[in-house]
Amino acid sequence: ARKSRHSLEDEALILELLNETGTAIASQLKLETLVQLVTDAGTKLSGAKFGAFFYNVINEKGESFLLYTLSGAPREAFEKFGLPRNTSIFNPTFRGEGVVRSNDITKDPRYGKMGPHHGMPKGHLPVRSYLAASVTSRSGEVVGGLFFGHPEPGIFTERSERLILGVAAQAAIAIDNARLFETAQREIAERTRTEKALQSAKDELEERVKERTASLRETTEQLETFCYTVAHDLRSPLRAQQSFAQTLIDDYKDVLDEAGIEYAERILHSAERLDNLVHDLLTYSRLSRSELKFADVDLAKVLGDIRSSHSVDIEKRSAVITNGPLHSVVAYE
């Protein structure tokens, strides 16, 4: 009865430990911390002296690497031997072919079949009892392998095997979740970098637009100044030309013949047209500073005004202006 009570207490302790392990594993999303937790839990539950978890990780470039965590042994104990090779002992675990359990691995027929060591290399941790299980994702991919050892033979039992299979199943789900979390984190980081790059490009574009707008405004102001200066300098001699031409017509019409009067009138009309052009040039230069007010403009009326203002030239040149139906357009008056 005492033995049964102790067995029940041991089972209860193991179940409690397994439950705590499963809860801890399920709540961990950081892959590096997770696999160490799995290794420590498997070593403790199986009764192993030391354990290792070799697992695959994929970096941001999509490249796969095999890493490992240890429990019960210093990292230096493995580093000098490198990663496990594709031997008859390790191959079933990395291929997902089931659990490998041996009471004495040194007497296993698969042991020592590959050179150069033909077994454990000199200085390797002493392993007699051996237990290994694959960690397989939901998609069927073998993401890693749990390996446990003890220097004494006959340590691992069927119960040890079942416990490790339970840990491996929990680890597989947790690693899938951790990988999804890391993928999501990378995508979020990439999206954040993209958004920052877009914002930076937007800010740069806005700054360039501001600079070009300021440059355009400065150029426009210089153009307005130039137009005003040219217009002012032109209007003074034009008005003098108009005044002299009109005086010539009024005061010397009895002296000039018909051709002389015609020439004087042409001078007067040309000066008036040039004065109108200068006036229009000034108006155009002010458009950038004034609000553009658009309205319906009757093209027939515009054409009529042109005919009226240039009637003398049209008549003298015997020009004929023809047009079809004209419509109103929206324009700046």
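In this text, all values refer to a predicted model and were calculated from it rather than measured experimentally.

Enquirer: Just to check I follow, could you spell out the overall build of the protein chain for this structure?
Expert: Helices and strands together make up the secondary structure of the protein chain, namely 8 helices and 7 strands. Taking all 333 residues of the protein chain together, the buried fraction comes to 27%. For the protein chain, restricting intrachain contacts to residue pairs at least 6 apart in sequence, the fraction spanning at least 24 positions comes to 65%. Surface exposure of the protein chain reaches about 22,200 Å², of which carbon and sulfur atoms provide 54%.

Enquirer: For this particular structure, what's the right way to read the packing of aromatic side chains?
Expert: Counted according to the given criterion, the structure contains 5 aromatic pairs. Ring geometry for Phe53 versus Tyr55: centroids 5.6 Å apart, planes at 45°, classification tilted. Judged by centre distance (5.5 Å) and plane angle (50°), the ring pair of Phe94 and Phe147 falls under tilted. Taken together, the residues span a long stretch of sequence, with Phe94 in helix 4 (residues 91-94) and Phe147 in strand 5 (residues 142-150) at a distance of 53 residues.

Enquirer: Explain the nonpolar core to me, please; I cannot follow it from the model alone.
Expert: Nonpolar side chains in soluble globular proteins tend to end up buried together. Leu31, Leu34, Val38, Phe53, Val135, Leu146 and Ile175 are the most contacted members of the largest nonpolar core, which totals 25 residues. For this core, the secondary structure elements donating two or more residues are helix 2 (31-46), strand 1 (50-58), strand 4 (129-136), strand 5 and helix 5 (158-251). At 8 residues, helix 5 tops the list of elements feeding residues into this core. Excluding anything up to four places from it in sequence, Val38 contacts Ile25, Phe53, Leu146, Val167 and Ala171. By size, the runner-up hydrophobic cluster in this structure holds 14 residues, among which are Phe50, Phe54, Ile105 and Val127.

Enquirer: Sorry if this is basic, but what is going on with the environment of Glu158 here?
Expert: With respect to the element layout, Glu158 can be found in helix 5. For Glu158, a relative accessible area of 54% translates into the label exposed. Along the chain, Glu158 and Arg101 lie 57 residues apart, while their C-alpha atoms are 8.8 Å from each other.

Enquirer: Teacher, can you tell me more about a nonpolar patch on the surface here?
Expert: Together, Leu299, Val302, Ile306, Leu326 and Val329 line one region of the surface with nonpolar side chains, adding up to about 330 Å² of accessible area. Among the elements that make up the nonpolar patch, the one with the highest residue count is helix 7 (residues 299-309) (3 residues). Relative to the elements of secondary structure, Leu326 occurs in the loop between helix 8 (311-316) and strand 7 (328-332). You can call Leu326 partly exposed: its relative accessible area is 33%.

The rules we used
- Residues numbered from 1 in each chain as written.
- Predicted model: local features only at pLDDT ≥ 70, side-chain atom pairs only at ≥ 80, totals over all residues.
- Heavy atoms only, no water.
- Helix = DSSP H or I, 4+ residues; strand = E, 2+ residues; numbered from the N terminus.
- Buried < 20%, exposed > 50% of the residue type's maximum accessible area, 1.4 Å probe, protein only.
- Contact = heavy atoms within 4.5 Å.
- Areas by Shrake-Rupley, 256 points an atom, 1.4 Å probe, with all protein chains shown as cover.
- Phe/Tyr/Trp six-rings, centres within 6.5 Å; stacked < 30°, edge-to-face > 60°.
- Core = buried A, V, L, I, M, F, W, Y, C linked by side-chain atoms within 4.5 Å.
- Patch = residues over 30% accessible without salt bridge, like charges linked within 9 Å, V, L, I, M, F, W, Y side chains within 5 Å.
- Salt bridge = Lys/Arg side-chain N within 4 Å of Asp/Glu carboxyl O.

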